[in-house]
Amino acid sequence: MRFLLDAEQRAFANSLDAMLTAADTPSVVRDWSRGEHDRGRALWSRLAEAGVFALAVPADYAGMGPLPVELAVGFVELGRHAVPGPLAETVAAAALLAELADPGPAERLLPALVSGEASATLALDGSYALDGDTATVRLALTAGELRLAPGHGPVRGCLDPARRLTPLTAGGELLSAAPPLGHALTWARLATAAQALGVGLALLDRTVAHVGRRTQFGVPVGSFQAVKHRLADARTALDFARPLLFGAALTMAPADVAAAKVTACEAAYTTARAALQLHGAIGYTAEYDLSLWLARARALRAAWGGPAECRAAVLAGRAARP
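For every chain, the first residue of the written sequence is number 1, and numbering continues from 1 onward in sequence order. In keeping with the model being predicted, local features are shown solely for residues with a pLDDT of at least 70 and side-chain atom pairs are shown and tallied solely at 80 or more, while totals for entire chains, interfaces and linings include all residues. The side-chain numbers reported here are obtained from all heavy atoms of the structure, hydrogens and water having been left aside.

Draft legend 1. Up close: the environment of Pro 179. Each helix is a run of DSSP H or I of at least 4 residues and each strand a run of E of at least 2, with the numbering of both proceeding from the N terminus. Its place among the elements puts Pro 179 in the loop between strand S6 (173-176) and helix H7 (181-213). Look at Pro 179 and you get buried, because its relative accessible area is 14%. We call two residues in contact when some of their heavy atoms are within 4.5 Å. Among all residues touching Pro 179, those that are not within four sequence positions of it are Leu 96, Leu 100, Leu 141, Gly 144 and Leu 146. Type-normalised accessible area, obtained with a 1.4 Å probe on protein chains alone, sets the label of each residue: buried when under 20%, exposed when over 50%, and partly exposed for intermediate values.

This is how it looks when you write it as structure tokens:
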């Protein structure tokens with residue numbers, strides 16, 4: 001099945017692509033990985049002005065959503081440009097707050113997430129929170145309770161240097177004794193899948209350009225049949241992931257989103273392995289921009305449920321269907 005974007009969705013994607021190209025995101029990512037957040041926060045504000053975070057927030061809380069298809073369109077571009085920050089986490093937090101039985105926390109916190117004045121992170125049962133040092137809304141789910149964490153612990157390293165992990169301080173304001181975690185998890189996986197697809201597309205584009213420039217035996221490396229086969233396999237995997245992503249965005253069924261997440265992340269990981277091999281030694285160097293997308297592909301693969309967990313969710317969803 002082909003999912004064709006309408007004119008408005010294509011214009012939204014093109015506007016984000018132009019904005020992020022002009023922002024020189026590789027240098028923003030490198031700053032972010034060093035804990036220098038000024039340029040990243042400025043970019044975050046521009047993304048909010050473009051309406052990216054409003055897509056996950058209902059109109060009752062100053063948002064434009066929920067619009068999962070448009071959010072997937074936008075997050076593909078964020079992945080294509082390797083934008084740093086707690087992107088999926090902010091979406092998950094927004095979805096979680098919007099579904100709480102008590103509307104008070106949503107009324108207080110969501111407008112700032114929509115406007116870009118705040119970003120959010122979410123930690124599940126003692127796990128590390130992404131970018132807890134820069135997020136202004138830190139949600140912690142512990143023993144089935146959702147709390148607004150008052151602070152964070154030391155920054156820890158990650159496979160992706162731009163994904164800075166921190167423990168959250170225990171305690172804090174109780175927001176809900178029974179939060180709808182499943183709803184937030186579905187939105188987080190959708191956002192992660194869309195980012196992974198964008199990462200894979202960027203890796204493929206960069207690799208195709210590289211093998212077209214590099215020559216061996218007097219001809220471009222890209223003309224070799226073995227190289228063409230690797231790139232064709234990557235292209236096929238990404239093309240297969242795209243309809244699953246947008247199909248899941250239409251249904252928002254947890255099993256469909258889990259299938260999209262595992263397929264998009266595996267496609268990005270397959271493309272990353274091909275990109276690394278076809279770039280040769282230069283692909284291993286942290287100074288080369290390709291490394292930013294290679295690291296992101298590995299990190300997204302495990303974020304919000306790895307391949308085994310997502311496949312189990314797909315099987316459970318199919319078993320539950322009549």
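Draft legend 2. Layout of the sheet that holds S6. At least two bridges found by DSSP between two strands are what make those strands a pair. Spatially, 4 strands are ordered S1-S3-S4-S6 in an open sheet, and the strand pairing comes out mixed. What marks the edges here is a single partner per strand, and that holds for strand S1 (120-124) and S6. Strand-to-strand twist across the sheet, computed as the mean angle between neighbouring axes with direction ignored, equals 30 degrees. Summarising the sheet, S1 and strand S3 (residues 137-142) pair through 5 bridges and their orientation is parallel. If you follow Ala 123 over to S3, its bridge partner there is Ala 140. Each axis is a line fitted through C-alpha atoms, taken for helices only over the stretch in contact, and angles between the N-to-C directions span 0 to 180 degrees. Along the sheet, helix H5 (residues 87-98) makes contact with S1, S3, strand S4 (145-148) and S6, crossing S1 at roughly 80 degrees.

Draft legend 3. Broad picture of the nonpolar core. One finds Leu 71, Phe 75, Leu 110, Leu 139, Leu 203 and Leu 245 to be the most contacted residues of the largest nonpolar core, which totals 99 residues. Contact partners of Leu 203, with chain neighbours within four places excluded, come to Ala 268, Thr 271, Ala 272, Ala 275, Leu 290, Trp 293, Leu 294 and Ala 297. Nonpolar cores were defined as sets of buried Ala, Val, Leu, Ile, Met, Phe, Trp, Tyr and Cys residues, with membership established by side-chain atoms within 4.5 Å.

Structural measurements only, silent on function.
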